[in-house]
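Topology and contacts: notes
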Amino acid sequence: ETFSILFINAWELLLKAIIVDKDGESSIFYDCNKDKTISITDAIAKVFPDPESPIRNNLETVTTIRDSVVHFLIPEATGELSRLFQAGVINYYNTMRKIGFSLSDQNINSGIMTMVTRPTEVNRNNIQMEYGEMVTKSIEAVLGLIKSKEESLKSSEYAIPIEYHLVLTKKREEGDIVVSVGGDGASSGFIEVAKDIDKTHPYNISRLCEKINELLT
């Protein structure tokens, strides 16, 4: 919630600065009301006039999420939304550089955000049972919008793709994971990771019997 609000606020300031620099201060105010500046939607359209612009579509989608943010505060949607947010952060960084703003002394890093998680398919039945029909419909609508725009735009400026390619090939560069066999293959070994037995096997015999009885009564 906080990210989407601050993200749009940052973009709105940047877009209006670009408009003022190009057309003067009066250009960010409505003709019918000189005391009111244009909305983020109008600012996006002015700076990115092409409706098919991936950056414009990214901003418009995040604006939709910001305006209805209360419906999206569920962990199940984090994977898909974070890919959209990450693309927007990189777009912001690149747009600042394009207009000549120096970032060398700002200590700004646009690398992969920690909020990026492994995307999982949203199960409608589980979401509906947990959050209700209204939230389910809202989530389906925004995820459907993201999927549709990803398929039509095919650009990492709209959403960062997260995918792995497993291929059977002699060319290592064609796959993300290499499986080697034979004498020419890379050496392999087993990596063992210590496990906390209290977490993997939390019940002793007596506690297990008590838990089973609780579930049966």
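Reference entry: report on the structure contained in this document.

Reading the values: rules and limits
Residues numbered from 1 in each chain as written. Predicted model: local features only at pLDDT ≥ 70, side-chain atom pairs only at ≥ 80, totals over all residues. Heavy atoms only, no water. Core = buried A, V, L, I, M, F, W, Y, C linked by side-chain atoms within 4.5 Å. Buried < 20%, exposed > 50% of the residue type's maximum accessible area, 1.4 Å probe, protein only. Helix = DSSP H or I, 4+ residues; strand = E, 2+ residues; numbered from the N terminus. Contact = heavy atoms within 4.5 Å. Patch = residues over 30% accessible without salt bridge, like charges linked within 9 Å, V, L, I, M, F, W, Y side chains within 5 Å. Areas by Shrake-Rupley, 256 points an atom, 1.4 Å probe, with all protein chains shown as cover. Salt bridge = Lys/Arg side-chain N within 4 Å of Asp/Glu carboxyl O. Expected span 1.5 Å × (residues − 1). Pairing = 2+ DSSP bridges. Arc of directions from axis to C-beta. Phe/Tyr/Trp six-rings, centres within 6.5 Å; stacked < 30°, edge-to-face > 60°.

Grouped together as the largest cluster of nonpolar side chains are 32 residues, with contacts concentrated most on Trp11, Leu15, Phe48, Leu59 and Leu84. At seven residues, the largest contribution of residues to this core is made by helix α1 (residues 2-23). If we skip the residues at most four places from it in the chain, Phe48 touches Trp11, Leu15, Ser53, Ile55, Arg56 and Leu59.

Taken together, the side chains of Tyr203, Leu208, Ile212 and Leu216 define a hydrophobic patch exposed on the protein surface, amounting to about 400 Å² of accessible area. For Leu208, the position within the fold is in helix α8 (residues 205-216).

Its 21 residues give helix α6 (residues 133-153) an end-to-end C-alpha distance of 30 Å, which sits within 8% of 30 Å, the value for a rise of 1.5 Å per residue. Taken together, the buried positions of α6 are Val135, Thr136, Ser138, Ile139, Val142, Leu143, Ile146, Lys149 and Leu153. Where the residues of α6 are buried, they touch α3 (54-67), α4 (78-98) and α5 (124-131). Just past α6, the residue Lys154 takes up positive phi, approximately 50°.

We now examine the pattern of salt bridges. Considering all chains together, one arrives at nine salt bridges under this definition. As a salt-bridge pair, Glu12 and Lys16 come within 2.7 Å of each other at their nearest N and O atoms. With Glu12 and Lys16 both in helix α1 and four residues apart, this pair spans about one turn of that helix. Assigned by exposure class, Glu12 and Lys16 land together as buried. For Glu60, the salt bridge is made with Arg56, and the minimal N-O distance between the two is 2.9 Å. Highlighted residues: Glu60 and Arg56, both in helix α3, separated by four residues, approximately one helical turn. For Arg56, a relative accessible area of 14% gives the class buried. One network of salt bridges, with partners in common, ties together Glu80, Arg83 and Glu150.

In the sheet, strand β1 (residues 29-30) pairs with strand β2 (residues 33-37) via two bridges, with the strands oriented antiparallel. The residue of β2 that forms the bridge with Phe29 is Thr37. Counted between consecutive antiparallel strands, the loop separating β1 from β2 contains two residues.

Now for helix α2 (residues 40-47). Residues spaced three or four apart along an α-helix point in a common direction, a consequence of the helix completing one turn every 3.6 residues. Among all positions of α2, only Ile40, Ala43 and Ile44 are buried. What you see down the axis of α2 is that its buried residues fit within an arc of 100°, all on one side.

Turning our eyes to something else, we now look at the packing of aromatic side chains. Aromatic ring pairs: the centre-centre distance and the angle between the two ring planes describe each pair. Under the defined criterion, the tally for this structure stands at four aromatic pairs. Three or more aromatic residues joined by ring pairs form one cluster here, namely Phe3, Phe7 and Phe85.

Any functional reading would require information beyond the geometric quantities listed.
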